[in-house]
Amino acid sequence: MINPKFHEGITRRVLALGLVVVLAAGPALAQSVAEVAAYDGPDRMERLVAGAKKEGTLTLYTATPVDDVNQVIAAFTAKYGIPVTLWRGSSEDVLRRAVTEIKGGRHDVDVIETNGPELEALHRENILQAVDSPVFSEIFPDAVPDHREWVGSRLNVITASYNTELVSEADVPKRWDDLLDPRWGGKIGIESEAYDWLATVIQSFPSREEGLAFFRKLAETNRPPLHKGHPQLANMTASGELPIMLQVYLYRVHQMEQDGAPIKALSLGPAIARINGLGVARTTAHPNAAILYQQFTLTEGQKILASRHFTPTNTKEVPFPAGMEVKVIEPTGMLDALTEWRETFETTFQ
Amino acid sequence: MSLHESSFAKSVEKPSFFGRIRPEWLIIGAAVLIVGWLALVPLVFLLWQSFMTPAAGDIPAIFTLGNYVRALTDSSILPLFRNSVVFATGTSCLALFIGTLFAWLNERTNTPFKMMFYAASIVPLVIPSILFTVSWIMVASPQIGLFNLMLKNMFGLSGPVFDIYSMGGMIWVEGLHYSPIAFLLMSAAFRSMDPSLEESALMSGASIGQIMFRITLKLVWPALIASFFILFIRSIESFEVPALLGMPVGIEVFTSSIYEAIREYPSNVGLASAYAVVLLLIASFGIYFQSKLSSQGSKYSTVTGKGFRPRPFDLGVWRIPAAILIVLYMILVIVLPFLVLFWSSLNKYYSVPSWSALSRLSFDAYVKVINYPMVGQAVWNSAMLSLGAATTIMLLTAVICWIVIRTKLPARWLLDNVASLPMVFPGLVLGLSVMICYLYLDIGIYGTTWIIFIAYVTRFMPYGIRYNTTSMLQIHKDLEESAAMSGASWSQSFVRIVLPLLKPGLLAGWIYIVVVSIRELSSSVLLYSPGSEVVSIVIWELWQNGQYVELSAFGVMMIIALFIVVMLAQLVGKRFGVKEA
């Protein structure tokens, strides 16, 4: 006698497999993706909207926090009546999943939204479709690569921060050199994988060598501990674990300040920013909806992103805060030199 | 102990494949095929990848030995490996000591609060690693740690007493976190032990200490070895504790090399696989050593045909110190982290407990978590997946263990080894192998919850093997032989004799797999699709966004829910199998 539970389990599994096999048949492409992407006639928007409504659905892979991206999606669906299926992972997971699936012949994804270097990797993997859109001219120039296969939609600004209860107004460091003061011995936290930050921040020093020399000196004199994860760094500033942190996300600082946490952003030179953006998959079955979503994120979506404390890239929709100086982490450079910068980072801080 | 072999055992040794196919061989054959398929998919992928260069853009992957050369000759790996071994050894010893002591008190003695303690002792395992570690930062960090602040204020000390950011701190936190693994396995072993040997020793005038070391622990030797093995492998693989506690003081471990290799562009899965193959060889040695134990036959069997009745041991006056010890443990390892989490969940932002923060407390985080996108779906999926995977694994591996221990089939040790290997695969590599396998082998499970189910069964199968093996070693084969003599078929004796006697191991393994599969992240993150989200994805999402308060609230709810599940499993378990005296 076979154990009945065991038997039942197997039967159910076999049945379910059969059902799924029957249902998994993909729709054929109606209109060439490249044609839709290149069209720039005066009725571009009307055609996109009409085409998108016919396509009726959209799948988005994103590295943007669910809470935030859901607001953009909700507004998009409310305006055009097109429901969006969402998959969320880390920037690397988004890259890995999109590449593996598309190479394996599975074309579920229509729009891919992730961090700059990963988007650039998608470009190299021939996953993305170049798009022509008049809105690109309104975007912050560093956020539109020449190949137009993806476009930046928001900047994730990385800033230093301090705990307002542990650091008095008078003691707040104002220049990089202030961090060398021995009073900060062991009290400045550094993110343990801030390779791209280091690569970019030393550009604001007179030379690369001087920049690296400064951080080596900081490491020798004040031995800053390394902690993992930008959000955790922000939490640790607020809890008083460490009074100063060099890399936290600006939007997190604003959100926490709003909740009453004793944390403030600290400016020691230009802010460093990661570009996050989105591109359309070449293999999309919903080219109109995909391009329409990209367009929406770069126009009306920008105000929603700003309300979530992000820094939008469309400076015509939402101008940069007055006096804000931003240095953008260069995606191509980071993609090619990540390992090299990791080594530089490790020899500097460990 | 009877050693003569019955006709039943003989029939197993000389399989009658060629005569007529008996129904049990269908079940046994199917179990072997399923386990073989599940374990070989990632193994083949891992070996294949370890010989390939990374593919990027138009450059295809080609054959190389470079990954092994780099993995084996990179001198910077050595110190990391040394750290890993120190950390894993320390963690395993601490967890094994704590787990064994409390399992013994709970199962073999008449200490008070037993039932409650069994369920409560699972709590550290339920708390996601990140949360458990962060609660200990709040308790013992030199800057903000509660203990340090309290001791400073009480004795006017200038510096901190405890420093959680150290190898000692890492071992302490991980050891406490993993102690339930040892507790569950050792409990199962103690529960299946015939007390008559201990009783005879007691009557001959042996002390409790003598009985414990010279009889009890010797009889559960296979369980001790299995626990140590599982603990060691788990702590070698562990990522959160070294990242949160070791990194700030420059203690790096081996796993970070695997992680770095995967993070490169193009992702160097080949190098990560080569590292994993090295770990695999070390683990195979451990598994081989364990299978030697299993081949020693009835040496550890105490569950025989002769009136087996597990009965607790009277501690006498020692009941009171034992009770105090249990209460202390509960406060330190269970109540304290739970209270820290509960406190965090009532705050508006990450902060240390203090009087001044009392005014800010609210239940907002709970409301937010309940209304969080995908939470309902994720909880449902995780519940189905973890219950389904745990039940499937325990039944499947019961058959496999029976083959390994009871039959004399050639190459049965290989079956044990192959089924145990997924324990050593890095979660992400395992996830990737399952993903690629079912992407190309299009049988319609890609993108559904079934693919996660397959990954969980593969990943946690080794634990089922270890839990079942240790329990099965304790059951003497004469019980099955008597059943066969009385005319029972294989299936009848398996379902009505073997499974009920295996109950302690089955239940402990089942609970363990339910809990760890709810927490599984590294494979799930690649395999989930819209609609098949799981709980660990929600935890990851909250942690990624720095929503520590909501994460604590989620953790508190998870602990309460799983505590209830374990209590229920205990109650149901009591109604089946061997009645306790």
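All residue numbers refer to position in the chain's written sequence, counted from 1. Here every chain gets a letter starting at A, and every ligand a number starting at 1, in the order they are written. Side-chain atom pairs in this predicted model are given and counted only at pLDDT of 80 or more, local residue features only at pLDDT of at least 70, and totals for whole chains, interfaces and linings cover all residues. Only hydrogens and water are removed before side-chain values are computed, so all heavy atoms of the structure are retained for them.

What about the overall build of chain A?
Then, in step 1: Within chain A one finds 13 helices and twelve strands.
Then, in step 2: With the principal axes as the frame, chain A shows a C-alpha extent of 70 × 70 × 40 Å.
Then, in step 3: Exposure classes here rest on a 1.4 Å probe applied to the protein chains alone. A residue is buried below 20% of its type maximum, exposed above 50%, and partly exposed in between. The buried share of chain A, taken over its 350 residues, is 60%.
Then, in step 4: In what follows, a contact means two residues having at least one pair of non-hydrogen atoms within 4.5 Å. Counting contacts in chain A only where the partners sit at least 6 residues apart, residues at least 24 apart contribute 78% of the total.
Then, in step 5: Note on charges: Lys and Arg go in the positive column, Asp and Glu in the negative column, and His and the chain ends are not counted at all. By convention, charge coordinates are those of NZ in Lys, CZ in Arg, CG in Asp, or CD in Glu. For chain A, the distance from the average position of its 34 positive side-chain charges to the average position of its 45 negative side-chain charges is 4 Å. Secondary structure follows DSSP: runs of H or I at least 4 residues long count as helices, runs of E at least 2 residues long count as strands, and numbering of each begins at the N terminus.

Remarks on the overall build of chain B
Then, in step 1: Each helix and strand counted, chain B has 26 helices and zero strands in total.
Then, in step 2: Its C-alpha radius of gyration of 25 Å places chain B within 12% of the 25 Å reference for a compact globule of 581 residues.
Then, in step 3: Taking the principal axes of the C-alpha coordinates as reference, chain B spans close to 75 × 75 × 50 Å.
Then, in step 4: Relative to its 581 residues, chain B shows a buried fraction of 61%.
Then, in step 5: Using the Shrake-Rupley algorithm and a 1.4 Å probe, accessible areas are obtained, with residue cover drawn only from the displayed protein chains. As displayed, chain B offers around 22300 Å² of accessible surface, 71% of which is attributable to carbon and sulfur atoms. Within these notes, the globule rule equals 2.2 Å times the number of residues to the 0.38 power, and the radius of gyration is based on C-alpha atoms.

Section: the UniProt feature "domain: ABC transmembrane type-1" (unreviewed entry) in chain B
Then, in step 1: UniProt's entry tags residues 81-290 and 379-569 of chain B with the feature "domain: ABC transmembrane type-1" (unreviewed entry), counted in the numbering of this structure.
Then, in step 2: In this annotation, residues 379-569 of chain B is assigned 79% helix and 0% strand; the end-to-end C-alpha distance for the span is 19 Å. UniProt positions are given in the numbering used here, feature names are shortened, and annotations may be inferred rather than shown by experiment.

Considerations on the environment of Pro248 of chain B
Then, in step 1: In this structure, Pro248 of chain B sits in the loop between helix H13 (240-246) and helix H14 (255-263).
Then, in step 2: Residue class for Pro248 of chain B comes out buried when judged on its relative accessible area of 12%.
Then, in step 3: Between the alpha carbons of Pro248 of chain B and Ser166 of chain B there is a distance of 8.9 Å; along the sequence they are 82 residues apart.
Then, in step 4: What Pro248 of chain B contacts, discounting residues up to four positions off in sequence, is Pro225, Leu226 and His227 of chain A together with Tyr165 and Ala243 of chain B.

Here's the deal with the interface of chain A and chain B
Then, in step 1: The interface of chain A with chain B comprises 60 residues on the first partner and 67 residues on the second.
Then, in step 2: One side-chain nitrogen of Lys or Arg within 4 Å of one carboxyl oxygen of Asp or Glu is enough to make a salt bridge. At the junction of chain A with chain B, the criterion picks out two salt bridges.
Then, in step 3: Note that Glu260 of chain B and Arg342 of chain A form a salt bridge whose closest N and O atoms lie 3.3 Å from each other.
Then, in step 4: Here a polar contact is recorded for every N or O atom pair within 3.5 Å, except that within protein the pair must consist of a potential hydrogen donor and a potential acceptor, and residues adjacent in sequence are included only if both atoms are side-chain atoms. Counting every contact that joins chain A to chain B gives 19 residue pairs in polar contact (both at pLDDT 80 or more).

Comments concerning the confidence of the model for chain B
Then, in step 1: Chain-level statistics for chain B give a pLDDT mean of 84 and a share of 92% at 70 or above.
Then, in step 2: Low pLDDT (under 50) marks residues 1-19 of chain B, which in the prediction has 25 contacts with non-local residues, meaning those over four places away or in another chain. Along the chain, pLDDT gives the predictor's confidence residue by residue, from 0 to 100.

Some thoughts on the domain arrangement of chain A
All names here are of chain A.
Then, in step 1: Domain assignment breaks chain A into domain 1 (30-155 + 276-320) and domain 2 (156-273 + 330-349).
Then, in step 2: Boundaries of every domain are those given by an automatic assignment or by a domain database. When each unit is reduced to the centre of its C-alpha atoms, the spacing between domain 1 and domain 2 is 31 Å.
Then, in step 3: If you look at the interface, domain 1 gives 14 residues, while domain 2 gives twelve residues.
Then, in step 4: Summing the contributions of domain 1 and of domain 2, the shared interface buries around 1100 Å²; its carbon and sulfur component is 62%. Once two parts are put together, the accessible area they lose, assessed with a 1.4 Å probe and summed over both, is termed the buried area.

A word on unusual backbone geometry
Trans peptide bonds make up the majority, and among non-glycine residues the majority have a negative phi.
Then, in step 1: A positive phi angle, close to 60 degrees, is found at Asn126 of chain A, a residue other than glycine.
Then, in step 2: Residue placement: Asn126 of chain A occurs in the loop between helix H6 (116-124) and strand E4 (128-129).
Then, in step 3: Under the relative-accessibility criterion, Asn126 of chain A is labelled partly exposed at 38%.
Then, in step 4: The backbone of Met374 of chain B shows a phi angle near 70 degrees, a positive value even though the residue is not glycine.
Then, in step 5: With respect to the helices, strands and loops of the structure, Met374 of chain B is situated in the loop between helix H17 (364-370) and helix H18 (375-406).

Here's the deal with the pattern of salt bridges
Then, in step 1: Going through the model one piece at a time under the given rule, you end up with 23 salt bridges over all chains.
Then, in step 2: Its salt-bridge partner being Glu541 of chain B, residue Arg88 of chain A comes within 2.7 Å of it at the nearest N-O pair. In this pair, Arg88 of chain A sits in strand E2 (residues 84-88) while Glu541 of chain B sits in helix H25 (residues 535-544), so the two residues belong to two different chains. Accessibility classification places Arg88 of chain A together with Glu541 of chain B in one group, the buried group.
Then, in step 3: Asp196 of chain A is paired through a salt bridge with Arg274 of chain A; the nearest N and O atoms lie 2.7 Å apart.

Here we look at the pairing of strand E5 (residues 150-163) of chain A
All names here are of chain A.
Then, in step 1: Most of E5 is tucked away, with 14 of its 14 residues classed as buried.
Then, in step 2: A strand pair is defined by DSSP finding two or more bridges across the two strands. Relative to strand E11 (residues 311-312), E5 runs antiparallel, the two sharing two bridges. Residue pairing in the sheet places Leu155 in a bridge with Thr311 of E11.
Then, in step 3: Bridge count for E5 against strand E8 (residues 244-249) is four bridges, and the pairing is antiparallel.

Here's the deal with the packing of aromatic side chains
When we look at a pair of aromatic rings, we describe it by the centre distance and by the angle of the planes.
Then, in step 1: Any two of the Phe, Tyr and Trp rings considered here, Trp counted by its six-membered ring, make a pair once their centres fall within 6.5 Å; the pair's planes then place it as stacked at under 30 degrees, edge-to-face at over 60, or tilted in between. Applying the stated criterion across every chain, the model contains 38 aromatic pairs over all chains.
Then, in step 2: Residues Tyr463 of chain B and Tyr512 of chain B carry aromatic rings whose centres are separated by 5.1 Å and whose planes lie at 50 degrees to one another, so their mutual orientation is tilted. Of the two residues, Tyr463 of chain B is situated in helix H21 (residues 449-473) and Tyr512 of chain B in helix H23 (residues 490-519); the sequence distance between them amounts to 49 residues.
Then, in step 3: Its relative accessible area of 0% is what places Tyr512 of chain B among the buried residues.
Then, in step 4: Every member of this aromatic cluster is reached through a ring pair, and the members are Trp176, Tyr195, Trp197, Phe205, Phe214, Phe215, Phe345 and Phe349 of chain A.
Then, in step 5: We call a charge positioned over a ring when the NZ of a Lys or the CZ of an Arg lies within 6 Å of the ring centre and within 35 degrees of the ring normal. Note that Arg47 of chain A overlies the ring of Tyr39 of chain A, its terminal NZ or CZ placed 3.9 Å from the centroid.

Digging into the packing of helix H9 (residues 167-191) of chain B against H21 of chain B
Residues and elements named next belong to chain B.
Then, in step 1: Working convention: axes come from line fits to C-alpha atoms, limited for helices to the stretch in contact. Angles between N-to-C directions cover 0 to 180 degrees. Between H9 and H21, the least distance of the axes is 9 Å, while the angle of their chain directions is 30 degrees. Viewed along their axes, H9 and H21 adopt a mutual orientation that is roughly parallel. In the packing of H9 onto H21, the handedness of the crossing is right-handed. Residues Ile181, Leu184, Leu185 and Ala188 of H9 touch H21, and the partners they reach there are Arg466, Tyr467, Thr470 and Ser471. Geometric relationships in this document are graded by angle, where less than 35 degrees denotes roughly parallel, more than 145 denotes roughly antiparallel, 65 to 115 denotes roughly perpendicular, and other angles denote oblique. Two helices cross in a left-handed way if the nearer one is turned anticlockwise from the farther one by less than a right angle. They cross in a right-handed way if the turn is clockwise.

What about helix H16 (residues 319-346) of chain B?
Then, in step 1: Its 28 residues place the ends of H16 of chain B 38 Å apart at the C-alpha level, agreeing with the 40 Å of an ideal helix rising 1.5 Å per residue.
Then, in step 2: At Ile331 of chain B, H16 of chain B shows its largest kink, close to 40 degrees. Given the number of residues in a helix, its expected span is that number minus one, multiplied by 1.5 Å. To get the bend at a residue, fit one axis to the 7 residues ending there and another to the 7 starting there, then take the angle between the axes.

Overview of the side chain of Asn417 of chain B
Then, in step 1: Structurally, the position occupied by Asn417 of chain B is in helix H19 (residues 412-420).
Then, in step 2: The residues contacting Asn417 of chain B, other than those within four sequence positions of it, are Ser284 and Ile287 of chain B.

Some thoughts on a nonpolar patch on the surface
Then, in step 1: On the surface, a nonpolar cluster with roughly 520 Å² of combined accessible area is contributed by Phe113, Met116, Val327, Ile331, Val335 and Leu339 of chain B.
Then, in step 2: Among the elements that make up the nonpolar patch, the one with the highest residue count is H16 of chain B (four residues). Patch rule: a residue counts if its relative accessible area is over 30% and it has no salt bridge; like charges are joined within 9 Å, and nonpolar side chains (Val, Leu, Ile, Met, Phe, Trp, Tyr) within 5 Å.

Quick word on the nonpolar core
Then, in step 1: Take the buried Ala, Val, Leu, Ile, Met, Phe, Trp, Tyr and Cys residues and link them wherever side-chain atoms come within 4.5 Å; each set so joined is a nonpolar core. Among the nonpolar cores identified, the biggest contains 313 residues, and Trp176, Trp197, Phe215, Leu246 and Tyr293 of chain A are the most heavily contacted of them.
Then, in step 2: Structurally, this core is a two-domain feature, drawing no fewer than three residues from each of domain 1 (30-155 + 276-320) and domain 2 (156-273 + 330-349) of chain A.

Remarks on empty space enclosed by the protein
Residue and element names in this part refer to chain B.
Then, in step 1: A 1.4 Å probe that fits into a set of points on a 1 Å grid over the protein atoms alone but cannot get out defines a cavity; an open set with protein on both sides within 12 Å along at least five of seven lines defines a pocket, and lining residues are those with an atom within 4 Å of a point. Grid points are joined across faces, edges and corners, and a volume is the space filled by probe spheres set on the points. For the coordinates displayed, the defined rule picks out eight cavities of 30 Å³ or more.
Then, in step 2: Here the largest cavity defines a volume of roughly 160 Å³.
Then, in step 3: For the largest cavity, the lining is made up of 16 residues, of which Phe239, Ala243, Met247, Glu252 and Ser256 are closest to its centre.
Then, in step 4: Elements supplying a minimum of two residues to the lining of the largest cavity: H13 and H14.
Then, in step 5: Residue contributions to the lining of the largest cavity peak at three residues, all from H14.
Then, in step 6: Partitioning the lining of the largest cavity into residue classes produces eight nonpolar, four polar and four charged. Amino acids are sorted into nonpolar (Ala, Val, Leu, Ile, Met, Phe, Trp, Tyr, Cys and Pro), charged (Asp, Glu, Lys and Arg) and polar (every other residue, Gly among them).

Quick notes on the environment of Ile537 of chain B
Residue and element names in this part refer to chain B.
Then, in step 1: With respect to the helices, strands and loops of the structure, Ile537 is situated in helix H25.
Then, in step 2: When the C-alpha atoms of Ile537 and Val424 are compared, they prove to be 22 Å apart, with 113 residues separating the residues in sequence.
Then, in step 3: Ignoring anything within four residues of it in the chain, the contact list for Ile537 reads Met374, Leu521, Ser524, Val525 and Tyr528.

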